[in-house]
Amino acid sequence: MPHVPIPAISRQNQADLAERRWQDLLTVRPDLGPALDLQRRLLALVAGLASALENGRLPRLSLPQKYLAAKLARGVPALAGEPIPLPVPLLRPALVQLCEALAEGGAGEAATHIRDAIASGNIECGSLLTASLARNQTAIRTGASHRGLAPDLVWLVAELAVGPFVHALQRALFGHAGDELQQALDGWNRGYCPACGSWPALAEVVGGHRTLRCSFCSSAWELTTYACIYCEESGEKFVTAAPDEERKDRRLEVCSTCGGYLKTIDLPELSPFPLLSISDIETTDLDVAAMEHGYQRPALKEFGSRR
Ligand SMILES: [Zn+2]
Ligand SMILES: [Zn+2]
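In this text the structure is predicted, and so the values were computed from the model without any measurement. Note that residues are indexed from 1 along each chain, following the sequence as it is written. Chains and ligands are labelled sequentially in the order written, the chains with letters from A and the ligands with numbers from 1. Since the coordinates come from a predicted model, pLDDT governs what is reported: local features require at least 70, and pairs of side-chain atoms require 80 or more to be given and counted, while whole-chain, interface and lining totals use all residues. Only heavy atoms go into the side-chain values, all of them from the structure, while hydrogens and water stay out.

### Let's talk about the coordination of the zinc ion (ligand 1)
Coordination of the zinc ion (ligand 1) by the protein comes from Cys193 (SG), Cys196 (SG), Cys214 (SG) and Cys217 (SG), over a distance range of 2.3 Å. Only N, O and S atoms count as donors, using a 2.8 Å cut-off from the metal and 3.2 Å for Na, K and Ca, and because water is excluded some sites may appear unfinished. When four donors show all angles between 85 and 135 degrees the site is tetrahedral, when four or six donors have opposite pairs over 155 degrees and all other angles between 65 and 115 it is square planar or octahedral respectively, and in every other case it is irregular. For the zinc ion (ligand 1), the four donor atoms in the first shell make angles of 97 to 124 degrees at the metal, so the coordination geometry reads as tetrahedral.

So, in structure tokens, the structure goes:
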């Protein structure tokens, strides 16, 4: 059952769940207070966008299931290379608000400059959002550098704004899969996301099921093999270890063949969108441990396929 559907929960239940997880985390990591305040504000904006999108702003895509199934069978994610119209008028004000939250939450002038560039039209919103949806890091980096803006922050702001849209698209495409598409989804045994092609933020392990969670669209999928998700190494160069002996529920998968790492945490249930970023912030110490040992997350994969 490689592709795992995640039931939607009400916005209130989602907010309650998020608050509980933040409080628990704050108890063990009081130093994360400011970071959690910022995350709280960012997630409120993202959740607001998600609920606006639920009220019927998704474009009608002409992506027949047979076509998608064939694409997946070739290892190409469903949305890769597809021209998809974005709801720019809805996302534009969100970009500005996300910049403001980031500016006040510690990113300072670097975020204010991005907000100004968006507000003045120096950054063309449609192009930025389209590049983010297409996972085009080169275009975003080059565009940011030309304007004297912080590339990582531009990438982040765009990703946060487009996230709810790509999550909704993913649910619309995969949520009503017929036999052929379902079979293709069930046969998906790759480390990158079947919807958007991003690498997972981490693996959430529920009841022993190691479920990869897309860092962009929050898709959830399970592999039939236990190996490095980046290069498929399954020999002794692929190691799973808990950096903290006391916390065996939080582990790192590291691979000395490709130098990649993946965080994995045991949880009572899979995080609904957009709470996956809480799992991510709960495990920042694992990122630090992996990077201290020279491991890193690889660059995004590129998919050249167009119709
Ligand atoms: Zn994805
Ligand atoms: Zn590897």
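### Digging into empty space enclosed by the protein
Grid points spaced at 1 Å over the protein atoms alone were grouped into cavities, where a 1.4 Å probe fits but cannot get out, and pockets, open sets with protein on both sides within 12 Å along at least five of seven lines, with lining residues defined by an atom within 4 Å of a point. Grid points are joined across faces, edges and corners, and a volume is the space filled by probe spheres set on the points. Enumeration over the complete set of coordinates arrives at one cavity of 30 Å³ or more. Approximately 30 Å³ is the volume found for the largest cavity. Residue lining of the largest cavity: Cys228, Ile229, Tyr230, Phe238, Glu253, Val254, Cys255, Gly260, Tyr261 and Leu262, and that is the complete set. When contributions to the lining of the largest cavity are tallied by element, the ones reaching two or more residues are β5 (250-255) and β6 (261-266). Under the scheme used here, helices are H or I runs from DSSP no shorter than 4 residues and strands are E runs no shorter than 2 residues, and both carry numbers assigned from the N terminus. For the lining of the largest cavity, the element with the highest residue contribution is β5, accounting for three residues. Side-chain classes are defined by residue name, with Ala, Val, Leu, Ile, Met, Phe, Trp, Tyr, Cys and Pro counting as nonpolar, Asp, Glu, Lys and Arg as charged, and the others, Gly among them, as polar. Its residues assigned to classes, the lining of the largest cavity comprises eight nonpolar, one polar and one charged.

### Description of the layout of surface pockets
Here the largest pocket is characterised by a volume of approximately 1300 Å³. Taken together, 40 residues line the largest pocket, and the ones lying closest to its centre are Leu156, Glu159, Ser215, Asp280 and Arg297. Mapped onto the lining of the largest pocket, the elements with two or more residues apiece are α2 (33-54), α7 (137-146), α8 (151-174), β6, α10 (276-282) and α11 (284-292). Looking at which element gives the most residues to the lining of the largest pocket, the answer is α8, with eight residues.

### Considerations on helix α1 (residues 11-28)
With 18 residues, α1 ought to run about 26 Å at 1.5 Å a step, and its terminal C-alpha atoms sit 26 Å apart, in line with that. Of the residues making up α1, those classed as buried are Gln14, Leu17, Ala18, Arg21, Trp22 and Leu25. Projected down its long axis, α1 carries its buried residues within an arc of 135 degrees, all on one side. Exposed residues on α1 whose side chains face more than 90 degrees from its buried face are Gln12, Arg20, Asp24 and Thr27. Residue contacts follow a heavy-atom distance rule, with two residues in contact if any of their heavy atoms lie within 4.5 Å. Of the surrounding secondary structure, the elements contacted by the buried residues of α1 are α2 and α10. A helix is expected to reach a length of 1.5 Å times the quantity of its residues less one. Classification of residues uses two cut-offs on accessible area relative to the type maximum, computed with a 1.4 Å probe and protein chains only: under 20% is buried, over 50% is exposed, and between them is partly exposed. Here the arc refers to the set of directions running from the helix axis out to each C-beta atom.

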